[in-house]
Amino acid sequence: MSANHFVVARPEANEYAPYYGRYISLVNEPDVLAALREQAGETCALLKGVSEEKSEYRYAPEKWSVKEVLGHVTDTERIFAYRALRISRNDRTPIV
């Protein structure tokens with residue numbers, strides 16, 4: 001391990017709300033940052049293969065399209081990044 005690399009391990013159960021446990025349990029990699037780096041490459045490769053036409057696909061009426069799901073994921077990432085920023089700044093305003 002280089003001096004510039006540190007490992008972010010899986011959080012302890014008392015460090016997150018129980019609701020998120022089901023998502024955290026899906027991460028098999030012991031280094032969370034390594035898992036995120038790997039997933040970024042995998043996601044880009046997957047999305048490069050999705051045409052504009054396929055991005056509008058819905059498996060049923062009134063269900064989200066592939067493009068809408070990706071937008072939701074992107075919005076969620078922004079929210080979690082904002083929360084992480086607030087936590088890193090020791091901002092005590094409740095995050096809801």
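So, a few notes on the structure that sits alongside this text. (Residues numbered from 1 in each chain as written. Predicted model: local features only at pLDDT ≥ 70, side-chain atom pairs only at ≥ 80, totals over all residues. Heavy atoms only, no water.)

**Details of the environment of Leu70**
Position of Leu70 among the secondary structure elements: in helix H4 (residues 66-88). Classification of Leu70 by relative accessible area gives partly exposed; the value is 36%. The spacing of Leu70 and Leu36 is 34 residues in sequence and 16 Å in space, taken between C-alpha atoms. (Helix = DSSP H or I, 4+ residues; strand = E, 2+ residues; numbered from the N terminus. Buried < 20%, exposed > 50% of the residue type's maximum accessible area, 1.4 Å probe, protein only.)

**Focus on the packing of aromatic side chains**
Applying the stated rule across the entire model yields 3 aromatic pairs. Across from the ring centre of Phe80, 5.3 Å away, lies the NZ or CZ of Arg83, which sits over that ring. (Phe/Tyr/Trp six-rings, centres within 6.5 Å; stacked < 30°, edge-to-face > 60°. Lys NZ or Arg CZ within 6 Å of the ring centre and 35° of its normal.)

**What about the layout of surface pockets?**
For the largest pocket, the calculated volume is near 1,900 Å³. Every residue lining the largest pocket is counted, 37 residues in all, and those nearest its centre are Ile24, Val32, Leu36, Glu77 and Phe80. Secondary-structure elements contributing two or more residues to the lining of the largest pocket are helix H1 (21-24), helix H2 (32-48) and H4. Per-element tally for the lining of the largest pocket: the top contributor is H4, with 11 residues. The residue makeup of the lining of the largest pocket, split by class, is 24 nonpolar, 6 polar and 7 charged. (1 Å grid on protein atoms, 1.4 Å probe; cavity = no way out; pocket = protein on both sides within 12 Å on 5 of 7 lines; lining within 4 Å. Points joined across faces, edges and corners; volume = space filled by probe spheres on them. Nonpolar A, V, L, I, M, F, W, Y, C, P; charged D, E, K, R; others polar.)

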